[in-house]
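Next come the chains, spelled out residue by residue.
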Amino acid sequence: MRLYGVAGWKNAGKTGLMERLVAEITRRSFTVSTVKHAHHSFDVDHPGKDSFRHREAGAAEVLLASRNRVALMQELRDAPEPPLSELLARLRPVDLVLVEGYKRDAHPKVEAHRAATGNPLIAPEDPTIRAVASDVPLSLDRPVFDLNDTAAIADFILAEVGL
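Computed from a predicted model, the values in this text were never measured in an experiment.

Caption draft 1: A look at the overall build of the protein. A count of helices and strands for the protein gives four helices and eight strands. The secondary structure elements of the protein, listed N-terminal to C-terminal, are β-α-β-α-β-β-α-β-β-β-β-α. Burial analysis of the protein (163 residues in total) assigns 37% to the buried set. Sequence separation of 24 or more characterises 53% of the internal contacts of the protein that already satisfy a separation of 6 or more. Roughly 9900 Å² of accessible area belongs to the protein as shown, and the carbon and sulfur atoms make up 51% of that amount. Here the protein holds 21 positive side-chain charges and 23 negative ones, and the gap between their average locations is 4 Å.

Caption draft 2: Structural context of the pattern of salt bridges. On inspection of all chains with the given rule, the structure shows eight salt bridges. In this structure, Glu 24 engages Arg 28 in a salt bridge whose closest nitrogen and oxygen atoms are separated by 2.8 Å. Given a relative accessible area of 25%, Arg 28 falls into the partly exposed group. Two residues, Asp 155 and Arg 28, come together in a salt bridge whose shortest N-O distance is 2.6 Å. Of this pair, Asp 155 sits in helix α4 (residues 150–161) while Arg 28 sits in the loop between α1 (14–27) and β2 (32–36), and the two are 127 residues apart along the sequence.

Rules used throughout
Residues numbered from 1 in each chain as written. Predicted model: local features only at pLDDT ≥ 70, side-chain atom pairs only at ≥ 80, totals over all residues. Heavy atoms only, no water. Helix = DSSP H or I, 4+ residues; strand = E, 2+ residues; numbered from the N terminus. Buried < 20%, exposed > 50% of the residue type's maximum accessible area, 1.4 Å probe, protein only. Contact = heavy atoms within 4.5 Å. Areas by Shrake-Rupley, 256 points an atom, 1.4 Å probe, with all protein chains shown as cover. Lys, Arg positive; Asp, Glu negative; His and termini not counted. Charge placed at Lys NZ, Arg CZ, Asp CG, Glu CD. Salt bridge = Lys/Arg side-chain N within 4 Å of Asp/Glu carboxyl O.

Below, the structure written as structure tokens:
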């Protein structure tokens, strides 16, 4: 499975870049799936809905299915968070999986960077960061793209993974 990440600190533009990359790469007729890491608790379900009630009653997994989508919710219930490799094994085959977050994992990544956040670059200390997408010019030992030049970033990622 071809895998590429978008990493960076909070408010660096990761989600916007991911959204634009998915649109750009699928426009080029490649299939793309995404994995998003959240550092906080989240819920895709709503109180009062049947699936929520199933989980609240103690179900380990709740699978929702309709003619439009399928969603599988798994409750960890104090079990450790699954590693990225385990999550990737659950996905159907596609041309490319884009991963948002998981900045400490070993897969190749583009770092999203916005100067206004005041956060330091991750790239100088992390060889898995293969390029940086920034809103300001930078001088680094790897490619630097304009954060909004989605086509060029997509070209780079697709070349990196051999597509």
